[in-house]
Amino acid sequence: MKKIVSIVSWTSLLLLASFIFIGTNQASAKEFKDVPKSHPNYEAIQAMQKAGYIGGYPDGTFRPNEKISRKHVAQLLEKAVKLPGLSSSKVIYTDVPKSHPYYTPIMKLSQAGIVGGSNGKFNPNSTITRIQMAKVLDLAFDLHMGPYQRPFEDVNSNHWGYPHASAMYSSGVSKGDNGKFYPSRPVTRAHYAEFLQRAINVTKSRPNTTAVTKGKAVDLSYRLPHIIEGIILDGKYKKKSFNTIRPQLLQYVTKEFADTKLKNYYPHACTECDSFYFPYYVDTSIRFSFNQPNSNAVNVKTVEFSDGLSGGGFVDYKFIKESGTWKMANYTYEMVGKQHLQLTVNEAQTILKQDYQGYGHRDVTVSYVSTVRDTAHDYKADQKYSYDKYVFRVETNKGRFKVSFQSNDGMHYED
């Protein structure tokens, strides 16, 4: 019996070693029998092995198609992200006692808010799904969301994992498979190695600065409004009081902003309207600027374009960092009127090209044709004003289109 127990224990230790550091020199020379150079994830697997983040099994295999567990994800990330030491030795998961071989990495990631559990359990042996992986990598590597988009048809904007999948897409960590992300599919060892390498490369390519970059400012301008709007609409749909959703909001907004503007807006939020509190269509490649008055504050100025649902306007955000977490501190919006966007021909061309590409058109060229004057009504001032309306010819792989573009609010339509 003792011999059997010893064999089982030794085998377990070998399996544990299959996803932990094995030494840079050894890793750089090792090839796996089941990962030939023709394997689509060969380079990522080799790179992660060389870096000391992953290893193989005693029989010389990597087992690329084997599903990866939550505990192994925690161990890999703990090595790659270099998190601070534990601030507490408290056991928070009933299935991860202090004696658990993965206690430290799991607790470090939990302490950083990167992973969590449910009903007091972490479920360390369970497989991780692709959308769970997206959340973990997004939070661990501070991936950035880009302009509003729905990159994956199976992860709509109401899905809890939308910000994470969108950040994976915008950061180039995942492009999906023919427009799909397959959020519920388990992640294999090979795919995790690939995603991990890409996420690491994203952080390496960023400027070596503690200041907020444009990428981060853009991320805050999309991520926080999306999450906050979602909490508000979900609360209204479920007929919850503002005080009920307030604790959830306070994870993303300051107390002052929650208890003034959001509290005043909440009774008027509509779950059956095409009307939203925050901008729906902001293009951060046009008219986007930001400044950082101090290390814990960022101010953003940008614009929203009219899309038939909203009328276009000027957008100002204020974000502040509280206890290491960025939160929205203020938001103002002013609709276009006599003071309007006055978009230039070049800006209009950029917007049109991006829009047509976003709708699946390829080989897009936008040619200026003419300018005419038109009028609109400033409802706030209750007076008319004039603006330039541009005419363009748009040619794509799907045909040729004549497009009118309103410089006052960015609204455009095919004639």
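Look a little higher up for the structure.
Conventions used here
Along each chain, the written sequence defines residue order, and numbers are assigned to residues from 1. With the structure being a predicted model, the display of local features is reserved for residues of pLDDT at least 70 and the display and counting of side-chain atom pairs for 80 or more, all residues being used for whole-chain, interface and lining totals. With hydrogens and water stripped out, all remaining heavy atoms of the structure feed into the side-chain values. Here a helix means four or more residues in a row that DSSP labels H or I, a strand means two or more in a row labelled E, and each is numbered from the N terminus. By this rule the span expected of a helix is its residue count minus one, scaled by 1.5 Å. Note on exposure labels: buried denotes an accessible area under 20% of the residue type's maximum, exposed denotes more than 50%, and partly exposed covers the range between, all computed with a 1.4 Å probe on protein chains only. Two strands qualify as a pair provided DSSP detects at least 2 bridges between them. For helices, the fitted axis covers only the stretch in contact; all axes are lines through C-alpha atoms, and the angles between them, taken along N-to-C directions, range from 0 to 180 degrees. Contact between two residues is taken to exist if any of their heavy atoms lie within 4.5 Å; hydrogens are not considered. Here the aromatic set is Phe, Tyr and Trp, taking the six-membered ring for Trp, and pairing holds for ring centres within 6.5 Å; pairs whose planes are under 30 degrees apart are stacked, those over 60 apart are edge-to-face, and all others are tilted. By definition, being over a ring means that NZ of Lys or CZ of Arg is both within 6 Å of the ring centre and within 35 degrees of the ring normal. To qualify as a nonpolar core, a set must consist of buried Ala, Val, Leu, Ile, Met, Phe, Trp, Tyr and Cys residues joined through side-chain atoms within 4.5 Å. What makes a salt bridge here is a side-chain nitrogen of Lys or Arg within 4 Å of a carboxyl oxygen of Asp or Glu, nothing more. The patch calculation keeps residues exceeding 30% relative accessible area without a salt bridge and links them within 9 Å when they carry like charges or within 5 Å when they are nonpolar (Val, Leu, Ile, Met, Phe, Trp, Tyr). The Shrake-Rupley method, run with a 1.4 Å probe sphere, supplies the accessible areas, and residue values consider only the shown protein chains as cover.

Asker: Would you explain helix H9 (residues 214-237) in this entry?
Answerer: Helical geometry: 3.6 residues make up each α-helical turn, so side chains three or four residues apart lie on a common side. Under the 1.5 Å per step criterion, the end-to-end length of H9 is 35 Å for 24 residues, consistent within 8% with the ideal 34 Å. Counting buried residues along H9, 17 of its 24 residues qualify, which places the element largely inside the surrounding structure. Looking at the residues trailing H9, positive phi occurs at Lys239, about 55 degrees.

Asker: Help me out: how do you make sense of the sheet that holds strand E7 (residues 399-406) in this one?
Answerer: Sheet strands pair via backbone hydrogen bonds, and the direction of the pair is either parallel or antiparallel. Reading across the sheet, the 4 strands line up as E5-E6-E7-E8 and stay open at both edges, with antiparallel pairing between neighbours. What marks the edges here is a single partner per strand, and that holds for strand E5 (365-378) and strand E8 (412-414). With strand direction ignored, the average angle separating the axes of adjacent strands in the sheet is 25 degrees. Note that strand E6 (residues 383-396) and E7 share 8 bridges and pair antiparallel. Bridge assignment links Arg393 to a residue of E7, and that residue is Lys402. Packed onto the sheet, helix H12 (residues 345-358) meets E5, E6, E7 and E8 and runs at close to 50 degrees relative to E6.

Asker: Just checking my understanding: could you explain the packing of aromatic side chains for this structure?
Answerer: Describing an aromatic ring pair means giving the distance of the ring centres and the angle of the ring planes. Applying the stated rule across the entire model yields 19 aromatic pairs. Between the aromatic rings of Tyr390 and Phe405, the centroid separation amounts to 6.5 Å while the plane-to-plane angle is 20 degrees, which identifies the pairing as stacked. With Tyr390 in strand E6 and Phe405 in strand E7, this pair connects stretches of sequence that are 15 residues apart. For the pair Tyr390 and Phe405, a shared accessibility class is recorded, and that class is buried. Through a chain of ring-to-ring contacts, the aromatic side chains of Tyr265, Tyr277, Phe278, Tyr317, Phe319 and Tyr331 assemble into a single cluster. The ring centre of Phe181 lies 4.7 Å from the NZ or CZ of Arg130, which sits over that ring. Between the NZ or CZ atom of Arg185 and the centre of the ring of Tyr182, over which it lies, the distance is 3.7 Å.

Asker: Is there a simple way to think about the nonpolar core in this case?
Answerer: One broad rule of soluble globular proteins: the nonpolar side chains tend to lie buried together. Leu77, Phe141, Tyr192, Leu196 and Met328 are the most contacted members of the largest nonpolar core, which totals 85 residues. Ranked by residue count, the leading element in this core is H9, at 9 residues. Discounting residues that sit within four places of it in the chain, Leu77 has contacts with Lys82, Leu109, Ile114, Val136, Leu137, Ala140, Phe141, Tyr192 and Leu196.

Asker: It is not clear to me how the pattern of salt bridges should be interpreted in this structure. Could you clarify?
Answerer: Pairing is possible between side chains of opposite charge, provided their charged atoms come close. If you walk through the whole model with that rule in mind, you get 16 salt bridges. Note that Glu347 and Arg287 form a salt bridge whose closest N and O atoms lie 2.9 Å from each other. Placement of Glu347 in helix H12 and of Arg287 in the loop between helix H11 (255-265) and strand E1 (289-294) is noted, with a sequence separation of 60 residues between them. Since its relative accessible area comes to 33%, Arg287 is described here as partly exposed. Counted as one network, the salt bridges with shared partners bring together Asp138, Asp142, Lys216, Asp219 and Arg223.

Asker: Help me understand a nonpolar patch on the surface, please; the structure alone is not making it clear to me.
Answerer: A cluster of nonpolar side chains, Phe276, Tyr280 and Leu309, forms an exposed patch at the surface whose accessible area comes to about 250 Å². Mapped onto the elements, Leu309 comes out in the loop between strand E2 (297-304) and strand E3 (313-322). For Leu309, a relative accessible area of 43% corresponds to the partly exposed category.

None of the figures reported here should be taken as evidence of function without further support.
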